[in-house]
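Structural description and commentary
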Amino acid sequence: MALNLVMLGPPGAGKGTQAEQIAKARGIPKISTGDILRAAVHNGTEIGERANDIMARGDLVSDDVMIGIIRERLGQKDADKGFILDGFPRTVAQAAALDEIVKGRDPLVVVEIVVPESELERRLSMRMVCDSCGATADAAAGKAGGRLVQRSDDNDRVVLERLKVYHQRTQPLVEYYQMRPTFRSVNGLQPPDRVAADLIAAIESAGRGVAAKGVRP
Ligand code: AMP
């Protein structure tokens, strides 16, 4: 069965780092809409120019644009044998569109990483990224050789806005997905290797649920 994984969780929950590891282990692409948008901004594309201000204030880029990006990306050959979505969907409209896009494939496995609000604020205000490749500090070590800087949308005011937007627009996705036999929650308030182990166990148990029930998307 192909692993078609959606990582849910607030900014700062560790989704990106965990998604990266699972993608590497499984040999499937990690698709981060934040990374795709940052690359578009960097390259000065039309989407990048439109997204720049929205991202800088911690708001969400429009559903139409995001759905278009994901439709195109999941249509590429390397996503046939599975994928990990990091940062998409972020709204119920995006989730509904995703169900449509993946119709006929193996069912989505959705894992939520749960982390309390106070811990998120602390982590985001400390997060450092490589100014050359954008990777977080631990992942960046020794890679692109860039300087470690604070991500431009990790300053205090924008962090609070991103958390607010998460609660208003993205948290409802838990309700959207939680009745599915392939939905799991993982405690993100643990050392990263424990979170990783719990994630692997959650993905395996979700996969067994699908096999047992013959669930289709
Ligand atoms: P991230 O790296 O996932 O935290 O995303 C950084 C920023 O990109 C977000 O704060 C949004 O402005 C934008 N963004 C990323 N993914 C989405 C999405 N699925 N829908 C709307 N905006 C997004």
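Given the structure is predicted, the values throughout are model-derived calculations rather than measurements. Each residue is numbered by its place in its chain's sequence as written, counting from 1. Thresholds applied to this predicted model are a pLDDT of at least 70 for local features of residues and 80 or more for the giving and counting of side-chain atom pairs; totals over whole chains, interfaces and linings are not thresholded and use all residues. No hydrogens and no water enter the side-chain calculation; it runs on all heavy atoms of the structure.

Moving on: the overall build of the protein. Looking only at helices and strands, the protein features 10 helices and seven strands. Buried positions account for 46% of the 217 residues belonging to the protein. Any two residues whose heavy atoms approach within 4.5 Å at even a single point are treated as in contact. Across the protein, every contact between residues at least 6 apart in sequence was considered, and the portion connecting residues at least 24 apart equals 71%. Of the roughly 11,000 Å² of accessible surface on the protein, a fraction of 52% belongs to carbon and sulfur atoms. We count a stretch as a helix when DSSP gives it H or I for four or more residues in a row; a strand needs E for two or more, and each element gets its number in order from the N terminus. The buried label goes to any residue with under 20% of its type's maximum accessible area, the exposed label to any with over 50%, and the partly exposed label to all in between, with areas taken from a 1.4 Å probe on protein chains only. All accessible areas in this document rest on Shrake-Rupley with a 1.4 Å probe, and a residue is counted as covered only by the protein chains that are shown.

Let us now look at the pattern of salt bridges. Throughout this description, the term salt bridge denotes a Lys or Arg side-chain nitrogen within 4 Å of a carboxyl oxygen of Asp or Glu. In the structure shown here, the tally under the stated rule is 11 salt bridges. Ionic pairing is found between Asp35 and Arg38, a salt bridge with its closest N-O pair at 2.9 Å. Of the two residues, Asp35 and Arg38 both sit in helix α2 (residues 33–43), three residues apart, roughly one turn of that helix. Asp35 sits in the partly exposed class, given a relative accessible area of 38%. A residue is classified by how much of its surface remains accessible, and Arg38, at 30% relative accessible area, is partly exposed.

Positionally, Asn4 belongs in strand β1 (residues 3–8). Those residues within four positions of Asn4 in sequence are excluded, and the remaining contacts are Gly82, Phe83, Arg105, Asp106, Pro107, Leu108 and Val109.

On to the pairing of β1. Of all six residues that make up β1, six are buried, and the element is covered over most of its length. The alternating pattern of β1 places Leu3, Leu5 and Met7 on one face and Asn4, Val6 and Leu8 on the opposite face, and all of these are buried. Strand pairing follows a simple DSSP-based rule, namely that at least 2 bridges must link the two strands. Relative to strand β3 (residues 82–86), β1 is paired through five bridges, and the arrangement is parallel. By the bridge assignment, Leu5 is partnered in β3 with Ile84. Direction of pairing for β1 relative to strand β4 (residues 108–114): parallel, over a ladder of five bridges. Its bridge partner being in β4, Val6 is matched across the sheet by Val110.

Within the secondary structure, Ile84 is located in strand β3. When its relative accessible area of 0% is taken as the criterion, Ile84 is described as buried. Between the alpha carbons of Ile84 and Val110 there is a distance of 9.9 Å; along the sequence they are 26 residues apart.

Quick look at the site of the ligand now. Taken together, 15 residues lie near the ligand, and Thr33, Asp59, Gly87, Arg90 and Gln94 sit nearest. In protein, a polar contact means a hydrogen-donor-capable atom and an acceptor-capable atom, both N or O and within 3.5 Å, with residues adjacent in sequence counting only if both atoms are side-chain atoms; elsewhere, any N or O pair within 3.5 Å suffices. Arg38 places a side-chain nitrogen or oxygen 3.0 Å from an oxygen atom of the ligand. With the chains in place, 95% of the 480 Å² that the ligand exposes on its own is no longer accessible. Throughout this entry, Asp, Glu, Lys and Arg are counted as charged residues, while Ala, Val, Leu, Ile, Met, Phe, Trp, Tyr, Cys and Pro are counted as nonpolar. The remaining residues, Gly among them, count as polar. Taken together, the residues that form the shell around the ligand break down as six nonpolar, four polar and five charged. We call a residue near a molecule or strand whenever a single non-hydrogen atom of that residue lies within 4 Å of it.

Looking now at the packing of aromatic side chains. The relative placement of two aromatic rings is captured by the distance of their centres and the angle of their planes. Pairing of aromatic side chains here covers Phe, Tyr and the six-membered ring of Trp, requires ring centres within 6.5 Å, and sorts the geometry by plane angle: under 30 degrees stacked, over 60 edge-to-face, intermediate tilted. For the coordinates displayed, the defined rule picks out one aromatic pair. Seen in terms of ring centroids, Tyr176 and Tyr177 are 5.1 Å apart; in terms of plane orientation they differ by 90°. Their pairing is edge-to-face. Looking at Tyr176, the relative accessible area reads 28%, which means it is partly exposed.

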